[in-house]
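# Examination of the molecular architecture
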Amino acid sequence: MSKTQQYDLIIAGAGILGAASAWQYLQRRPGSKVLVIDKESQPASHQTGRNSGVVHAGVYYPPGSLKARYCREGLEQTKAFCQQENIAWLQCGKLIVATDSAEMSGLAALHSRSHENGLSPQWLDADELKKREPAVKGMAGIFIQETAITDYPGITRSMLTKFENAGGCIQFNREVNEITEREGNILVTCADGQSVAATQFLNCAGLMADRLIALQGLKTDFRILPFRGEYYQLPEKYNQIVNHLIYPVPDPQLPFLGVHLTRMIDGSVTVGPNAVLALAREGYSWSDVNLKDCWDSFTYKGFWPLAKRFWRSGFNEFQQSLRKSEYLKRVQKYCPQIQLEDLQPYRHGVRAQAVTDSGDLLHDFRFVQTHNSLHVGNAPSPAATSAIPIAKAVVEKLLG
């Protein structure tokens, strides 16, 4: 039997947060033995590689909160990283559009919050909105010039390359089956039966983060529920339909920003996402059904209070997922030019949404820590935007 390899740090998850943490750790502790493991065959396979590529500016988050601060820092640091590494970046700006009187108060609140978060929002009345975006219909809008789009999988690969060049090690197709902490050490056993050990363990597993916490025998008051975000792509003739990212005014009670038009980094335009409960942790279509995942979701005591509170929203999302014509209505509220045949297939994503035992949506970061382990239990949007400052904070916790 081969001897168990020993590391200073093992990181589970090769998404953008795991990659950023690995890179930052070796910047702080050069020469350390660090291993990144991931159950997939390549990095950024799930949330990182299946989002809309938006680099947020911090419009929505409470002033002074960690989310607001990390978002603003993340925007600047991500931009600098992309420029340094020659990764695609386009600062196209965002327009948040109110289409009726009910949304005007929400738009005004976002305008004020943007100022409080150090942004320079520009208020546009209906005429100014029409001049700036001829295809968009609305009563008013606010323009956030700082918002950008980028290539998050490219950023992740670049960070992992830097990590490897600094002496780090990456192993794919390594699914964690067991985590044991004892005598100042962490033993991680994978599905292939092989084990690795480390002084510290960092969980950046995203959709599977709570399951890795449970594998270590730790108790939490939350669970990850998977919400699928379904996207469509517009035909090439619509690549210039908008000049900016076009967002609706979101429901402030929900962590989802609504169906928006996104100018992708490849020049295409996508529509989405919605937010419908998925039938698998990695369920990217209705045909992706995992009975264990369904059982875990529907028997979780926090699910039913959540469902009771938001059943109308949930029903609407379900209906719009199954009927593309209903989905289209959400887009046509602000862009009536788009027709049913324009909604062409595109990749979907799944968001890891942490929900508490009492049925509350977790809107902020949640960490679970022991002497030798740190689990990122919840890293809510804008986690991709904020990956670099989050990673720096995570490394600080590890080095404590």
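A brief report on the enclosed structure follows.

Definitions and cut-offs
Residues numbered from 1 in each chain as written. Predicted model: local features only at pLDDT ≥ 70, side-chain atom pairs only at ≥ 80, totals over all residues. Heavy atoms only, no water. Helix = DSSP H or I, 4+ residues; strand = E, 2+ residues; numbered from the N terminus. Expected span 1.5 Å × (residues − 1). Buried < 20%, exposed > 50% of the residue type's maximum accessible area, 1.4 Å probe, protein only. Polar contact = N/O pair within 3.5 Å; in protein donor to acceptor, adjacent residues only side chain to side chain. Pairing = 2+ DSSP bridges. Salt bridge = Lys/Arg side-chain N within 4 Å of Asp/Glu carboxyl O. Axes fitted to C-alpha atoms, helices over the stretch in contact; angles between N-to-C directions. Parallel < 35°, antiparallel > 145°, perpendicular 65-115°, else oblique. Left-handed = near helix turned anticlockwise from the far one by under 90°. Contact = heavy atoms within 4.5 Å. Nonpolar A, V, L, I, M, F, W, Y, C, P; charged D, E, K, R; others polar. Core = buried A, V, L, I, M, F, W, Y, C linked by side-chain atoms within 4.5 Å.

## Some words on helix α5 (residues 152-165)
- Here α5 is 14 residues long and its end C-alpha atoms lie 20 Å apart, about the 20 Å a rise of 1.5 Å per residue gives.
- Taken together, the buried positions of α5 are Y152, G154, I155, T156, S158, M159, L160 and F163.
- The N-cap of α5, judged by a side-chain oxygen 3.0 Å from the amide nitrogen of G154 a few residues on, is D151.
- Downstream of α5 by a residue or two, G167 has a phi angle that is positive, lying close to 105 degrees.

## Comments concerning the sheet that holds strand β20 (residues 349-356)
- The strand order β18-β13-β20 describes an open sheet built from three strands, whose pairing is antiparallel. One side of each edge strand has no neighbouring strand; the edge strands of this open sheet are β18 (276-277) and β20.

## Describing the environment of A307
- Looking at the element boundaries, A307 is found in helix α8 (residues 303-309).
- Residues A307 and G359, spaced 52 residues apart in sequence, show a C-alpha to C-alpha distance of 8.1 Å.

## So, the pattern of salt bridges
- All chains considered together, the criterion is met by 19 salt bridges.
- Here D210 ties to R281 by a salt bridge, and the two come within 2.8 Å at their closest N and O atoms. Remark: R281 occurs in the loop between β18 and α7 (291-298) and D210 occurs in helix α6 (residues 209-215); sequence separation between them is 71 residues. For the residue pair D210 and R281, the accessibility class agrees, reading buried in each case.
- Because the salt bridges share partners, they merge into one network encompassing R211, K292, D293 and D296.

## Looking at the packing of helix α1 (residues 16-28) against helix α11 (residues 387-399)
- For the pair α1 and α11, the least separation of the axes is 8 Å and the interaxial angle reads 55 degrees. Judged by the angle between their axes, α1 and α11 are oblique. Our pair here, α1 against α11, has a crossing hand that is right-handed. Of the residues in α11, those in contact with I16, L17, A20, S21, W23, Q24, Y25 and R28 of α1 are A387, I388, I390, A391, K392, V394, V395, E396, L398 and L399.
- Across the contact of α1 with α11, the residue classes break down as 13 nonpolar, two polar and three charged.

## Observations concerning the nonpolar core
- Judged by nonpolar contacts, the single largest core of 62 residues is most densely connected at I11, Y60, I96, I155, M159 and L202.
- Residue contributions to this core peak at eight residues, all from α1.
- Beyond its immediate sequence surroundings of up to four residues, Y60 is in contact with K94, I96, L110, R113, Y247, P250 and L257.
- Listed in part, the 24 residues of the second largest apolar core include L124, Y232, Y334 and I338.

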